[in-house]
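The residues making up each chain are set out below.
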Amino acid sequence: MTIESEAHEVLTRFWEAIGKPEVARFFPVDSRQLIKSVMGWDCEAKDLVAIDARPGFSVLGRCMVYEDGRRLVEVATLEVGSRGMWSSPAVQRWTWAHEAGHIALKHISRSGTVDHDARVVHECRRARSVIGTREPTRNREEVAAHVFAGALLMPEKAFRGQFRERFGNDEVWANRAAYSDLLSSDAPPDGPSAADLAKQLATQRGESGESLCDFFGVSREAGGRRLVELGLVFS
């Protein structure tokens, strides 16, 4: 089964568990509630700033299994940024979905003992640089959890439908002539990259006043990446 299929299966189970709501009421996906109701894990949102002592890094979330069998997902409410302490709802939603990916893809059972004092026997942790410090290369499991999060929060069928509703096309070619009004004046003269245009389109508000990022509750980067992944924006 592909990661997209795994995410679709988990999302379908959550949709059924909450009464099969209409699309407009289902999104943004409550990924924290999904972990609790579908996966059966406890969830806590808390300050995780002190968890990672590396300068310039901040822990966004982690999955833990305790010796007594308790299974817990923690997601940070605070993150050390260049402008002080902050926490984005979109980042939190993504992190819950990312941790759900670790659970669904069975990464937890392959991780090692990490904390004897706290009786934690397994852990998966998501951390990132917040001051420009170069982040270590992510391993395959982190990449897979990221792919899962994108598919969970922005499932292909719904995402394509919302794209078509806003832009009237099934795909967009990143040529500057057609989308010059969306781009900054320093865009390359031969046209923007697909990634650049995708991030602009992801946050473009149409007649409804709601962008793709607004509808799915994700960041500009996540929405743009999904547009490129699904081939909705190409160069």
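Look up: the structure comes first, before these words.
This structure is a prediction, so every number in the text was calculated from the model and none was measured.

What counts and how
Residues numbered from 1 in each chain as written. Predicted model: local features only at pLDDT ≥ 70, side-chain atom pairs only at ≥ 80, totals over all residues. Heavy atoms only, no water. 1 Å grid on protein atoms, 1.4 Å probe; cavity = no way out; pocket = protein on both sides within 12 Å on 5 of 7 lines; lining within 4 Å. Points joined across faces, edges and corners; volume = space filled by probe spheres on them. Helix = DSSP H or I, 4+ residues; strand = E, 2+ residues; numbered from the N terminus. Nonpolar A, V, L, I, M, F, W, Y, C, P; charged D, E, K, R; others polar. Core = buried A, V, L, I, M, F, W, Y, C linked by side-chain atoms within 4.5 Å. Buried < 20%, exposed > 50% of the residue type's maximum accessible area, 1.4 Å probe, protein only. Contact = heavy atoms within 4.5 Å. Salt bridge = Lys/Arg side-chain N within 4 Å of Asp/Glu carboxyl O.

*Asks:* Can you help me understand the layout of surface pockets in this one?
*Replies:* Over the atoms, a rolled probe matching the size of one water molecule traces out where space is still vacant. Counted as a void, the second largest pocket has a volume near 450 Å³. Lining of the second largest pocket is provided by 18 residues; of these, His 8, Leu 11, Pro 155, Lys 157 and Ala 158 occupy positions nearest its centre. When residues of the lining of the second largest pocket are traced back to their parent elements, those giving at least two are α1 (3-17), α2 (23-26) and α6 (156-167). When its residues are assigned to classes, the lining of the second largest pocket shows ten nonpolar, four polar and four charged.

*Asks:* Before we go on, may I ask you to explain the nonpolar core in this structure?
*Replies:* One recurring pattern in soluble globular proteins: nonpolar side chains tend to sit buried together. Ranked by size, the top nonpolar core spans 52 residues in total, and within it Leu 34, Ile 35, Met 39, Trp 41, Phe 216 and Leu 227 carry the most contacts. Apart from the residues within four sequence positions on either side, Met 39 is in contact with Val 10, Leu 34, Arg 71, Ala 100, Ile 103 and Ala 104.

*Asks:* Even after reading the chapter, I still don't get empty space enclosed by the protein, so can you show me in this structure?
*Replies:* On inspection of all chains with the given rule, the structure shows one cavity of 30 Å³ or more. Forming the boundary of the largest cavity are ten residues, of which Leu 60, Ala 76, Glu 79, Ser 87 and Val 91 lie nearest the centre. Partitioned by chemical class, the residues of the lining of the largest cavity number five nonpolar, four polar and one charged.

*Asks:* Sorry, what's going on with the pattern of salt bridges here?
*Replies:* Side chains that carry opposite charge are capable of pairing whenever their charged atoms lie near each other. Tallying each qualifying case throughout the model produces ten salt bridges. Among the ionic pairs, Lys 46 bridges to Glu 74, the shortest N-O distance being 3.3 Å. Note that Lys 46 is positioned in strand β1 (residues 42-46) and Glu 74 in strand β3 (residues 71-76), a separation of 28 residues in sequence. Residue Glu 74 is classed as buried on the basis of its relative accessible area of 3%. Notably, a salt bridge pairs Arg 160 with Glu 156, separated by 2.9 Å at the nearest N-O pair. Of this pair, Arg 160 and Glu 156 both sit in helix α6, four residues apart, which is roughly one turn of the helix.

*Asks:* Explain the environment of Leu 197 to me, please; I cannot follow it from the model alone.
*Replies:* Along the chain, Leu 197 falls in helix α8 (residues 194-202). Judged by relative accessible area, Leu 197 falls into the buried class, the value being 0%. Considering only alpha carbons, one finds Leu 197 and Leu 227, 30 residues apart in sequence, at a separation of 9.6 Å.

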